[in-house]
Amino acid sequence: MKITRIETFLVPPRWLFCRVETDDGVVGWGEPVVEGRAEVVRAAVDVLAEYLVGQDPLRIQDHWQVLTKGGFYRGGPVLSSAVAGLDQALWDIAGKTYGAPVHALLGGPVRDRVRVYAWVGGDEPAALAEQIAAQVDAGFTAVKMNGAGALAPLTTPAETAAVVARVAAAREALGPDRDVAVDFHGRFTAANSRRVLAELAPLHPLFVEEPVVPEQSHLLPRLAAATDIPLATGERLFGRAEFLPVLNAGIAVAQPDLSHAGGISEVHRIASLADTYGALLAPHCPLGPLALAASLQVAFATPNFLIQEQSRGIHYNKNADLLTYLVDTEPFRFVDGHAARNDAPGLGVDIDEKAVRAADRAGHAWRNPVWRHPDGSFAEW
């Protein structure tokens, strides 16, 4: 079996899909994308396709080595994301070829269902309570919310109180038997995080995500030592080498993204590395159906898995949603806040190719916003 063609599709709301075709007629799908830079990743996939076309798709680990190390310059979000989507597609082909789900090829399932969480806003306490109530009614046992919008480098008492009030509103709406995770999104300086984490501790967040931007990961040891809230990070880290320092720093939850951190192959290895530190896996996934399908395959085969992000109803999804490009939406039917194990071959989802090709003709040019402080200086989004 040989790879004969690799195509990419720029599909709303902000995703990029890739399709890998073989001469045996087996087709694999993946999701290589950097949000806001999808066109750049598309070009990277085209370059990597020069090597893959004509190759045996089942030599996944060898291809991963060549794609990530075959160029003198390595790593970074664009290359790692391009490799990630192609890696997903190759695992999809392998599963379809062998007639098995990817989690079986990774060593077999360790659980029957995967806990997932839903996104809620976090901007206004009143609206937040309504959003959480809707997710609880839908069966979810956990939600994630933004901790704040743009913050001053050192928060005022009012800013600190507003963050705490929003999380307190979430805790009240959820009660003591459900979980809230709080995403700081790299918007907090280390000083702000120390200040706010102390105030949030009594509200018992499941975890606090990205308490500092990834380039300041060297500050994590002091933050981890200063709080009993589990700290999480990893959506902007792209391989084991980048996860090693943050695991050494004491994070409790590793959050690699299956569409950024080298795909199924590398995230499975990151999970094993995290396990040696007693850290749990909670893959980042505010993206599309292929990224989620890949994430769930890893989750089913990972002993130290915690919880899975998913994008149903997330605020980024306009003109298309998680289910838009699926022939059958059953794999993403969540019951009591969980996704049941899917034993269909490959990634376990059936993509509506006609819908994808039609969407690609329109494409998208999604960009994240650029924020500024009141004085006009740049603010972290």
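Along each chain, residues carry numbers from 1 onward, in the same order as the chain's sequence is written. Residue-level local features of this predicted model are given only where pLDDT is at least 70; pairs of side-chain atoms are given and counted only at 80 or more, and the full residue set underlies all totals for whole chains, interfaces and linings. To obtain the side-chain values, all non-hydrogen atoms of the structure were used and water was disregarded.

As annotated in an unreviewed UniProt entry, the protein chain is Galactonate dehydratase from Streptomyces olivaceus.

Right, let's get into the overall build of the protein chain. The helix count covers DSSP runs of H or I at least four residues long, the strand count covers runs of E at least two residues long, and both are numbered beginning at the N terminus. Secondary structure assignment for the protein chain yields 12 helices and 15 strands. For 381 residues, the compact-globule estimate of 2.2 N^0.38 gives 21 Å, and the C-alpha radius of gyration of the protein chain, at 20 Å, lies within 12% of that figure. Each of the three principal axes of the protein chain carries a C-alpha extent, and together these read 65 × 45 × 45 Å. Within the protein chain, buried positions represent 57% of all 381 residues. C-alpha atoms define the radius of gyration, and 2.2 Å times the number of residues to the power 0.38 defines the globule rule. Burial classes: relative accessible area under 20% of the type maximum marks a residue as buried, over 50% as exposed, and values in between as partly exposed (1.4 Å probe, protein chains only).

Quick look at the pairing of strand β1 (residues 3-11) now. Every other side chain in a regular strand lies on the same face of the sheet, so the side chains alternate between the two faces. Of all 9 residues making up β1, 7 are buried, and the element is well covered by its neighbours. Here 8 bridges tie β1 to strand β2 (residues 15-22), and the two strands are oriented antiparallel to one another. The partner of Phe9 across the bridge, within β2, is Phe17. Strand pairing is assigned whenever DSSP identifies at least 2 bridges connecting the two strands. Adjacent in sequence and paired antiparallel, β1 and β2 are bridged by 3 residues.

So, about the UniProt feature "domain: Mandelate racemase/muconate lactonizing enzyme C-terminal" (unreviewed entry) in the protein chain. UniProt positions are given in the numbering used here, feature names are shortened, and annotations may be inferred rather than shown by experiment. Annotation from UniProt places "domain: Mandelate racemase/muconate lactonizing enzyme C-terminal" (unreviewed entry) at residues 125-230. Across residues 125-230, the secondary structure splits into 46% helix and 11% strand, with the terminal C-alpha atoms separated by 23 Å.

Residue types Ala, Val, Leu, Ile, Met, Phe, Trp, Tyr and Cys, when buried and joined through side-chain atoms within 4.5 Å, form a set referred to as a nonpolar core. Counting residues in each nonpolar core, the largest one holds 109 residues, and the members touching the most others are Phe17, Leu86, Ile264 and Phe332. Tallying contributions element by element places helix α11 (residues 289-300) first for this core, with 9 residues. Here, two residues are considered to be in contact whenever any of their heavy atoms come within 4.5 Å of each other. Beyond its immediate sequence surroundings of up to four residues, Phe17 is in contact with Glu7, Thr8, Phe9, Val11, Trp29, Gly30, Glu31, Pro32, Pro289, Leu290, Tyr325 and Val356. Within the second largest apolar cluster, 13 residues are counted, among which are Trp119, Ala282, Tyr316 and Trp366.

Attention shifts here to the environment of Lys144. Position of Lys144 relative to the elements: it lies in strand β5 (residues 142-146). Expressed as a C-alpha distance, the spacing of Lys144 and Val180, which sit 36 residues apart in the sequence, is 5.6 Å. In this structure, Lys144 is in contact with Tyr117, Ala118, Trp119, Val120, Ala181, Asp183, Phe207, Glu209, Gln255 and Glu309, ignoring residues within four places of it in sequence. Polar contacts here mean pairs of N or O atoms no more than 3.5 Å apart (in protein, one a potential hydrogen donor and the other a potential acceptor; neighbouring residues in sequence count only if both atoms are side-chain atoms). Separated by 3.0 Å, the side chains of Lys144 and Tyr117 make a polar contact. A polar atom in the side chain of Lys144 sits 3.4 Å from the side chain of Glu309.

With that settled, the discussion passes to the pattern of salt bridges. Salt bridges are identified by distance alone: a Lys or Arg side-chain nitrogen within 4 Å of an Asp or Glu carboxyl oxygen. Per the stated rule, a full pass over the model turns up 20 salt bridges. The shortest N-O distance in the salt bridge between Arg236 and Glu210 comes to 2.9 Å. Highlighted residues: Arg236 in the loop between β8 (231-233) and α9 (240-249) and Glu210 in the loop between β7 (208-209) and α8 (220-226), separated in sequence by 26 residues. Exposure remark for Arg236: the relative accessible area of 33% places this residue in the partly exposed category. The closest approach of N and O atoms between Arg240 and Glu266, which form a salt bridge, is 2.9 Å.

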